[in-house]
Amino acid sequence: MNTIRKLFGQWSSTERIDGKTVLITGANTGIGKETARDLAKRGARIIMACRDMGKAEAAQKEIIEDSKNQNVVIRKLDLSDTKSIKEFAEVINKEEKQVNILINNAGIMMCPFSKTVDGFEMQFGVNHLGHFLLTHLLFDLIKRSAPARIINLSSMAHSWGTIKLDDINSEKGYDDRKAYGQSKLANILFSRSLAKRLQGTGVTVYAVHPGIVQTELGRHLNTPLKVAFTIVKPFTKTAVQGAQTSIYCAVTPELANESGLYYSDCAQASCTRAARDDEMAQKLWELSCQMLGITWE
Ligand SMILES: NC(=O)c1ccc[n+]([C@@H]2O[C@H](COP(=O)([O-])OP(=O)(O)OC[C@H]3O[C@@H](n4cnc5c(N)ncnc54)[C@H](OP(=O)(O)O)[C@@H]3O)[C@@H](O)[C@H]2O)c1
């Protein structure tokens, strides 16, 4: 019974996080919105980082009304544009005295081939590089805010792809599923590398698979896949259930001494061997820095 409860995300905790600041990307819908709602109810200041300010405003209103927490703000962030990421980080570094919990949640899945403003393949660019740059730009602030946590939304789909060091932007051939897998594998490898660099700082890192969740993520799926998802829908999670592992990693006191690991159904989980490859994690780190034109040892 307990396992079934956990599988559907019915974990519960009364942990409060009053006085903490939480920054969540892609918080206007799906898992991000439900994560923001829950953490607002626990008393934190919530920064909702969204690309569409109309959608963000509607979600902010809903969360304030529901949580009775007025300390919920929206800020513009488009992860497919490094200029927008830099502008966003500048605002946060200027306005906020702390960020205790960063949740790199925004994501895009199996879209047709396209490129970000800076010429990166869209899924790798948004899901991995965008969050890599954002974390880099907020790194000092987060370290000053310790104890702090960084949560990277990955997926069991990390097993669908490999890190193609010689064709990271899928220019020689694009497979939407493999490109999504590559970006989600990158999220886990990034978490491992980040955890190593943060040892002893009081900042810990978690990679999360939220489950198969009913959200807008499937917007680019073709019709047969959409039909298949409708058939299996009774066995999938609602967005509230899908948010539970992110919330668990954000607030559970016992996790303060764990870092760089992978979680699913509110528990530590196993990931593929490729996702535990520290040599590849280091190569990915170096390539990401090179692509973004940054130095981050
Ligand atoms: N749903 C699942 O079954 C599932 C399974 C495994 C992992 N995940 C992961 O969970 C995370 C949340 O996904 P979800 O299911 O909640 O999907 P969702 O409902 O589609 O929400 C994704 C969020 O990301 C935002 N976003 C997309 N591109 C962006 C960009 N360029 N800049 C800023 N924000 C952007 C979206 O904004 P707009 O509303 O403006 O588009 C939206 O707020 C993703 O990282 C996903 O890979 C989900």
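Attention in this report is confined to the structure presented alongside it. Starting from 1, residues in each chain are numbered consecutively following that chain's sequence as written. Given that the model is predicted, a residue must reach a pLDDT of at least 70 before its local features are reported, and side-chain atom pairs must reach 80 or more before they are shown or counted; all residues, however, enter totals for whole chains, interfaces and linings. To get the side-chain values, take all heavy atoms of the structure and skip hydrogens and water.

1. Overview of the overall build of the protein chain
Per the secondary structure count, the protein chain includes 10 helices and 8 strands. Projected onto its principal axes, the C-alpha coordinates of the protein chain cover approximately 50 × 45 × 40 Å. Carbon and sulfur atoms form 52% of the exposed surface of the protein chain, whose accessible area is close to 13300 Å². When charges are counted, Lys and Arg contribute as positive and Asp and Glu as negative, whereas His and the chain ends are disregarded. Lysine's charge is taken at NZ, arginine's at CZ, aspartate's at CG and glutamate's at CD. The averaged location of the 32 negative side-chain charges in the protein chain is 3 Å from the averaged location of its 38 positive side-chain charges. Secondary structure elements are defined from DSSP: runs of H or I of at least 4 residues count as helices, runs of E of at least 2 residues count as strands, and each element is numbered from the N terminus. We get accessible surface area from the Shrake-Rupley algorithm with a probe of 1.4 Å; when it comes to residues, only the shown protein chains can shield them.

2. So, the sheet that holds strand β3 (residues 72-76)
Sheet strands pair by backbone hydrogen bonding; their relative direction is either parallel or antiparallel. Note: two strands are recorded as paired if DSSP finds a minimum of 2 bridges between them. Read from one edge to the other, the open sheet built from 8 strands follows the order β3-β2-β1-β4-β5-β6-β7-β8, with strand pairing classed as mixed. For this open sheet the edge positions go to β3 and β8 (267-268), each flanked by a neighbour on one side alone. Sheet topology note: the strand β2 (residues 45-50)/β3 ladder contains 5 bridges and is parallel. Pairing of Met48 across the sheet is with Ile74, part of β3. The strands touched by helix α3 (residues 53-67) within the sheet are β2 and β3, with β3 carrying the most contacts at an inclination of about 170°. Contacts from helix α5 (residues 122-144) reach β1 (21-25), β4 (101-104), β5 (148-153) and β6 (203-209), with the element oriented near 175° to β4. Any two residues whose heavy atoms approach within 4.5 Å are treated as being in contact. The convention used is that axes are lines fitted to C-alpha atoms, helices contributing only their stretch in contact, and that angles between N-to-C directions extend from 0 to 180 degrees.

3. Some points on helix α10 (residues 278-292)
Here the expected span of a helix is defined as 1.5 Å times the quantity of residues minus one. Relative to the 21 Å expected for 15 residues at 1.5 Å per residue, α10 spans 21 Å between its end C-alpha atoms, a close match to the ideal helical length. Relative accessibility thresholds used throughout: buried, under 20% of the residue-type maximum; exposed, over 50%; partly exposed, between the two (1.4 Å probe, protein chains only). If you check which residues of α10 are buried, you get Met280, Ala281, Leu284, Trp285, Leu287, Ser288, Cys289, Met291 and Leu292. Structurally, the start of α10 carries an N-cap: the backbone nitrogen of Glu279 is 3.1 Å from a side-chain oxygen of Asp277. Directly after α10, the chain includes Gly293, whose backbone phi takes a positive value near 65°. As used in this structure description, the phrase polar contact means that two N or O atoms lie within 3.5 Å; if the pair is within protein, one of them must be able to donate a hydrogen and the other to accept it, and residues adjacent in sequence are counted only when both atoms belong to side chains.

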